[in-house]
Amino acid sequence: MADTRFPQATGTMGQPYRRYEALEKVNGSATYASDVKLAKTAHAYLLTSRIGRGVIRSLDLVEARAIPGVIEILTHQTVGESIRQTQALYTGGYVADSVRPLGSAEIAYWGQPIAMVLAESYEIAREAARKIGVSYDVSEPASSFDSAGVDMTALEPMNLGVGDFKAAYANAAVKIDARYSTPVQHHNAMELFATQCVWDGNRLTVYEPGQYLNNIKYGLAEQLGIDPELIRVVNPYVGGAFGAKGFLTQRTALVAIAARRIGRPVKLVATREQGFFLSAYRAETRHHVQLAADSTGRLIASSHEGWEVTSRADVLALGGNAITLRLYGCPNIEGRVNVAKTDRSTPGFMRGPGEVPYAFAFECALDELAYALKMDPVELRRVNDTKVEPIAGLPYTSRSLMQCFDAAGAAFGWAGKTAAPGSMRDGDWLLGWGCAAAFYPTQAGNSAARVRLSSDGRVHVSSAGHELGQGMYTMMAQVASEQLGVPIEHVTVSLGDTDLPPTIVAGGSAGTASLAPAIMSACDAIRRRLQTGGSPAADVMTAMRASGLGNIEEFAETRAHGLPPESVQGMYRGRVAMSGGVHLPDRVQLAFGAQFVEVRIHARTRELRVSRAVGAFAAGRIINPRTAHGQLVGGMIWGISSALHEQTEIDERNASYINANLADYLLPVNADIADVQAIMVPEEDNLVNAAGVKGVGEVGTVGMAAAIANAVYHATGKRLRDLPLRIEHVLEEV
Ligand code: MOS
């Protein structure tokens, strides 16, 4: 039987090569940001706010300064205006949270940095930070949706719809109306939020894990008021990111300023707890979904309204209903998005940012509708499958949703399901089977790359791309290897350095879709110079030797479909311009998948387990099935975790988090994850981008929570609409 993990391997692009940087990672020689050894480093420790909202009345530094080894302490009194106010990402700027670091005595959220101690060692800096006396004037913070003082705003520009939802819904024969919620969650990547800064005269080098080095470079230049060309950001390895290392946080400018003031390199490694406040997270959401169908299951009306939490300072709205409401054919649609401004740090992107919570609500609602119709949930999706999105009538570039349902359903054994809730049992265990769709927008940004071919047959490919563990090095090597017809062993790769040609943020599952076309374009240019007729099959090396040249180096930049010409210059300045998904004027681009799970609930103890999960995904061309498979399985596991384990608990009294540590924040261990299978369904899409890549970074985690909740209903007859799903929620049911 064919290995379903490795389909459609034709050329170098498509082969399951081992990771380019595997050896370095395994033997420990891969240098992460905090591993870089600089001479005479001073160590930084952040003191952070212990109130949720208010003003610092006084800071007493006397005792802290008296500790031997303390070099300097930065506070709002000594930093203040020296870091310039800059715009948040969401309004066209760079920073992920627009509260200025140590900018004033105002406290906008619990965990906000209020001082940075610099000392000869980490331990001294930490001890001194704990000796700082702080008094506050405290105001009552709004911690979440239901707090007093929360500012709830309907974002009318995000309204969407077609037809007349209200009339169609009112008159429909079969309908459901349900509310769902998802919790706060934090990424907790293994690598902490580290930054090292070193000045050489007026030149600054920053070592920091990031998903968009040029965002750090240009944003930091703006904050410090210096020429961006004086800043270099270096980051060849990232120990997990998932959106939390996407954009400039408060810490970087503080470390840069500290290093300039004391004339020494400064190293900050924020603690695990501080990481809960220092960077992006998945904020809690609420949903109201109404669906109506005719007796054959055809959707007549669908509505999805979302409520999201953001900060007082910045409006981040993910609006995942822009996709859920376009997944299936339906003539009457309505969608709305609301945000609640709270006294918390600005949330941000976390793997499938809008898709994960909105898919949970919508794909659960669809399952509820299937039961109301007494219809198989897979068949309900088949009846409503569509080749055009229902709001503007735009064509999908390709759509393999039902192929995914069929592939995963067959591998799972879905045909053996008995429909009635509580009807399947294995000894003491109640069995439940559930499924849901997965989807993710196919996006891309602009990119640049440089490729050098040497007469000895070696190829070097470079770009300021990012290796987050997803396989960027390997992908870059594979694309150059195939395009120039040289063995992959002869290809070397440089990335993670702003001195290299820029590429867009490694986010939105768009890294490969953005960068592979630029590498292909540079290889094209090499072939043109060698006059090989432009065919990858032509013998580039024969032409190279005949040319008498030592090296040919070509630089190329590519602009993604749907982006305006000026966006190319924006990419050089670290701007975020991505296009695709449901935001193009001429077409819709989505990757699809289907998630199937079996849950087991113990009849007496109510222990709740996902015993099997099978996902099938169609995401255009898969350049490396090994790394793609890792992404998909990892996404599915995170989906299980987000359904059953992860929740950051809010302390309503002060808008802090009760479990901001790895002991209390529940993450699955191996024993929690049983049998997880990811199938790659072959799909060809030559429209999305020159590489035909849709991206697999996020689609694997979307829909998993809904599949699990749907399976819990099938096992127990109890419909759980609030994540995470825990034993106590299934206690009374038989
Ligand atoms: Mo991702 S949440 O696009 O890093």
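Residues numbered from 1 in each chain as written. Predicted model: local features only at pLDDT ≥ 70, side-chain atom pairs only at ≥ 80, totals over all residues. Heavy atoms only, no water.

Structural notes on the overall build of the chain
Put simply, the test is: Numbered from the N terminus, helices here are DSSP runs of H or I no shorter than four residues, and strands are runs of E no shorter than two. Taken over C-alpha atoms, the radius of gyration is set against a globule rule of 2.2 Å times the number of residues to the power 0.38. Whether a residue is buried, partly exposed or exposed follows from its accessible area with a 1.4 Å probe, protein chains only, as a fraction of its type maximum: under 20%, in between, or over 50%, in that order. By the convention used here, residues are in contact when the closest approach between their heavy atoms is within 4.5 Å. Under the convention used here, a 1.4 Å probe and the Shrake-Rupley method define accessible areas, while residue burial counts only the protein chains that appear. We score Asp and Glu as negative and Lys and Arg as positive, and we do not count His or the chain ends. Throughout, a charge is located at the NZ atom of Lys, the CZ atom of Arg, the CG atom of Asp or the CD atom of Glu.
Each helix and strand in the chain was counted, giving 17 helices and 29 strands. A globule of 734 residues ought to have a C-alpha radius of gyration of about 27 Å, and the chain, at 26 Å, matches this closely. Seen along its three principal axes, the alpha-carbon backbone of the chain occupies a region of about 75 × 75 × 50 Å. Here the chain holds 734 residues, and 64% of them are scored as buried. A sequence separation of at least 24 residues applies to 81% of the contacts in the chain between residues at least 6 apart. Here the chain displays about 26,100 Å² of accessible surface, and carbon together with sulfur accounts for 51% of that area. Across the chain, the mean location of the 68 positive side-chain charges is 2 Å away from that of the 75 negative side-chain charges.

Here's the deal with the sheet that holds strand β21 (residues 459–462)
Put simply, the rule is: At least two DSSP bridges between two strands are needed for those strands to be called paired. Convention adopted: a line fitted to C-alpha atoms gives each axis, helices being fitted over their contacting stretch, and angles between N-to-C directions are expressed from 0 to 180 degrees.
The strand order across the open sheet formed by 4 strands is β22-β21-β20-β23, and the pairing between neighbours is mixed. Strands with a single pairing partner mark the edges of an open sheet, and in this sheet they are β22 (491–494) and β23 (551–558). Looking at each pair of strands side by side, their axes are set apart by 15° on average, direction ignored. Inspection of the sheet shows β21 paired to β22 by 4 bridges, in the parallel sense.

Things to note about helix α6 (residues 250–262)
Rules: The span expected for a helix works out to 1.5 Å for each residue beyond the first.
Counted at 1.5 Å a residue, the expected span for α6 with its 13 residues is 18 Å, and the 19 Å between its end C-alpha atoms agrees. The element α6 is extensively covered by neighbouring structure, given that 11 of its 13 residues are classed as buried. After α6 finishes, the residue Gly 263 shows a positive phi value of roughly 65°.

Remarks on the packing of aromatic side chains
Basically, it comes down to this: Each aromatic pair joins two rings of Phe, Tyr and Trp (for Trp, the six-membered one) with centres within 6.5 Å, and gets the label stacked for planes under 30 degrees apart, edge-to-face for over 60, and tilted for any other angle.
In total, this model carries 21 aromatic pairs according to the counting rule given. Between Tyr 371 and Tyr 713 the ring centres are 4.8 Å apart and the planes differ by 75°, which places this aromatic pair in the edge-to-face class. Of this pair, Tyr 371 sits in helix α9 (residues 355–373) while Tyr 713 sits in helix α17 (residues 704–716); the two residues are 342 residues apart in sequence, bridging distant segments of the chain. By the burial criterion, Tyr 371 is buried, and Tyr 713 matches it.

Side note on the domain arrangement of the chain
Defined as follows: An automatic or database domain assignment supplies the start and end points of every domain. Defined here as a combined quantity, buried area equals the accessible surface (1.4 Å probe) lost by two parts on assembly, summed across both. We define a salt bridge as a side-chain nitrogen of Lys or Arg found within 4 Å of a carboxyl oxygen belonging to Asp or Glu. Between N or O atoms, a polar contact is any pair within 3.5 Å; within protein, one atom must be a potential hydrogen donor and the other a potential acceptor, and residues adjacent in sequence are included only when both atoms are from side chains.
According to the domain assignment, the chain consists of domain 1 (40–139 + 190–240 + 245–278), domain 2 (285–442 + 584–730) and domain 3 (444–578). For domain 1 versus domain 3, the distance between C-alpha centres works out to 35 Å. In this assembly, domain 1 packs against domain 3 so that about 1,800 Å² is buried in total across both faces, 49% of it on carbon and sulfur atoms. When residues of domain 1 are sorted by the area they lose upon contact with domain 3, Gln 211, Tyr 212 and Asn 214 head the list and together hold 35% of the total. Taken together, the links from domain 1 to domain 3 amount to 2 salt bridges. For Arg 232, the salt bridge is made with Asp 499, and the minimal N-O distance between the two is 3.2 Å. Viewed at the interface, domain 3 and domain 1 are joined by 14 residue pairs in polar contact (both at pLDDT 80 or more).

Comments concerning the sheet that holds strand β5 (residues 113–119)
If you walk across this open sheet you meet the 7 strands as β3-β5-β1-β13-β10-β11-β12, and the pairing is mixed. Looking at which strands have only one partner, the edges of the open sheet turn out to be β3 (70–75) and β12 (231–234). Shown here is a sheet whose adjacent strand axes are inclined to one another by a mean of 20°, direction ignored. Along the sheet face, helix α5 (residues 213–224) touches β10 (194–200), β11 (203–207) and β12 and points at about 145° away from the line of β12.

Details of α5
For α5, with 12 residues, the first-to-last C-alpha span of 16 Å sits near the 16 Å given by 1.5 Å per residue. The buried count for α5 comes to 11 of 12 residues, which makes it a mostly enclosed element. Listed as buried for α5 are Leu 213, Asn 214, Asn 215, Ile 216, Lys 217, Tyr 218, Gly 219, Leu 220, Ala 221, Gln 223 and Leu 224. Here the buried face of α5 lies against β10, β11, β12, α6 and α15 (566–572).

A word on unusual backbone geometry
Here the residue pair Leu 723 and Pro 724 is connected by a cis peptide bond, since its omega of -10° sits within 30 degrees of zero. Following the sequence through the fold, Pro 724 ends up in the segment after α17. In this model, Leu 102 sits at a positive phi of 45°, which is unusual for a non-glycine residue. Mapped onto the fold, Leu 102 is located in the loop between β3 and β4 (106–107). A residue is classified by how much of its surface remains accessible, and Leu 102, at 2% relative accessible area, is buried. Of note in this structure, Lys 374 is not a glycine but carries a positive phi near 55°. Mapped onto the fold, Lys 374 is located in the loop between α9 and α10 (377–383).

So, the environment of Gln 677
With respect to the element layout, Gln 677 can be found in strand β29 (residues 675–680). Counting along the chain gives 613 residues from Gln 677 to Ala 64, while the straight-line C-alpha distance between them is 54 Å. Not counting chain neighbours up to four residues away, the residues in contact with Gln 677 comprise Ala 411, Ala 613, Val 614, Gly 615 and Met 636.

Side note on the pattern of salt bridges
Between side chains of opposite charge, a pair can form when the charged atoms approach closely. Overall, the coordinates contain 41 salt bridges when judged by the stated rule. Between Glu 607 and Arg 609 there is a salt bridge whose closest N-O contact spans 2.9 Å. When its relative accessible area of 29% is taken as the criterion, Arg 609 is described as partly exposed. Ionic contacts of the salt-bridge type, sharing partners, join the residues Lys 166, Glu 305, Glu 334 and Arg 336 into one network.

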